[in-house]
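# Coordinate inspection notes
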Amino acid sequence: MVDRRQILAGVAGIAAAGLVPKRLQAAASIKVDDTSALVVVDVQNCFLPGGSLAVKEGDQIVTVINKMARGFAHVVMTQDWHTEGHVSFASSHAGKKPFETIDLKYGKQVLWPDHCVQGTDGAALSKELAIPHAELIIRKGYHKDVDSYSAFTEADGKTTTGLAGYLTARKLKRLFLAGLATDFCVAWTALDARKAGFETYVVEDACRGIDTQGSLAKAWADMAKAGVKRIQSADIVV
Ligand code: VGL
Ligand code: ZN
């Protein structure tokens, strides 16, 4: 006999597979507490429509993030902050085009259009962000020969940005991630957050992805495996 629990488990499975429309799914209720921080990743002009590495629908997350941020006492923002001629730029490698990959000392590197060069308008945080109470802006990717998708550790796998130390010193243990791009800076930040022992949520509707060579599906799979929780902004209660 099929009991109610099995039916509910089945429904949850279907919901997890994305087959049930969002409005029919009961919102989970995840409470923001004193140890929670919202981490707003790379909401910068270069990644928004019209930018040099524009993420599709990137502008649609700004209202969602602004609304969510009102419920958080602690907000950290990140800013991709490259040198001119950065190693992650296709233009730095003769004969290479954006979205091709190369092997660097620290591993495979996707090559990008020039973006988020220090001090340029493209590198500025979106003017539409309304989070005056954000407490920290952490910059990353400022070493010319090393990329840093993650807000915690550069792509060499060892150079730290200091973010884990900051969060720990401030007793912030639960991180809610939003921003751009889901499959690069958000995902790498989420994976490193888990490695450093933080409870980690990625707010799906407050993120958008680049999705090159299957990167978006891979990012969600890697995050699930690492124990990152995939939630919607409506799941958060303040
Ligand atoms: C990003 C590609 C290159 C990101 C940054 O913010 O996700 N993606 N640099
Ligand atoms: Zn970058």
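Higher on the page you've got the structure.
As the structure is a computational prediction, the values presented were derived from the model and not from experiment.

Conventions we followed
- Residues numbered from 1 in each chain as written.
- Chains lettered and ligands numbered in written order.
- Predicted model: local features only at pLDDT ≥ 70, side-chain atom pairs only at ≥ 80, totals over all residues.
- Heavy atoms only, no water.
- Near = heavy atom within 4 Å.
- Polar contact = N/O pair within 3.5 Å; in protein donor to acceptor, adjacent residues only side chain to side chain.
- Areas by Shrake-Rupley, 256 points an atom, 1.4 Å probe, with all protein chains shown as cover.
- 1 Å grid on protein atoms, 1.4 Å probe; cavity = no way out; pocket = protein on both sides within 12 Å on 5 of 7 lines; lining within 4 Å.
- Sits in = over half its atoms within 2 Å of the grid points.
- Nonpolar A, V, L, I, M, F, W, Y, C, P; charged D, E, K, R; others polar.
- Pairing = 2+ DSSP bridges.
- Helix = DSSP H or I, 4+ residues; strand = E, 2+ residues; numbered from the N terminus.
- Axes fitted to C-alpha atoms, helices over the stretch in contact; angles between N-to-C directions.
- Contact = heavy atoms within 4.5 Å.

### A few points about the site of ligand 1
All residues adjacent to ligand 1 are Asp42, Phe47, Leu53, Asp80, Trp112, His115, Tyr149, Leu180, Ala181, Phe184, Cys185 and Ile210. In this structure, Ala181 approaches ligand 1 through a main-chain N or O atom, which is 2.9 Å from an oxygen atom. Taken by itself ligand 1 offers 260 Å² of open surface, and the protein chains cover 100% of this. According to the grid-proximity analysis, the pocket containing ligand 1 is the largest cavity. Across the shell around ligand 1, the residue classes tally to 9 nonpolar, 1 polar and 2 charged.

### A look at the sheet that holds strand E3 (residues 75–80)
Strands sit in the order E6-E3-E2-E7-E8-E9 across an open sheet of 6 strands; the sheet is parallel. Of all the strands in the sheet, just strand E6 (136–140) and strand E9 (229–231) have a single pairing partner and so form its edges. Across the sheet, the mean angle from the axis of one strand to that of its neighbour is 25°, orientation sign disregarded. Bridge count for strand E7 (residues 174–180) against strand E8 (residues 199–208) is 6 bridges, and the pairing is parallel. Bridging across to E8, Leu180 finds its partner in Arg208. Of the strands in this sheet, strand E2 (36–41), E3, E7 and E8 touch helix H2 (residues 61–69), which is tilted by about 140° from E8.

In short, geometric facts, not functional conclusions.
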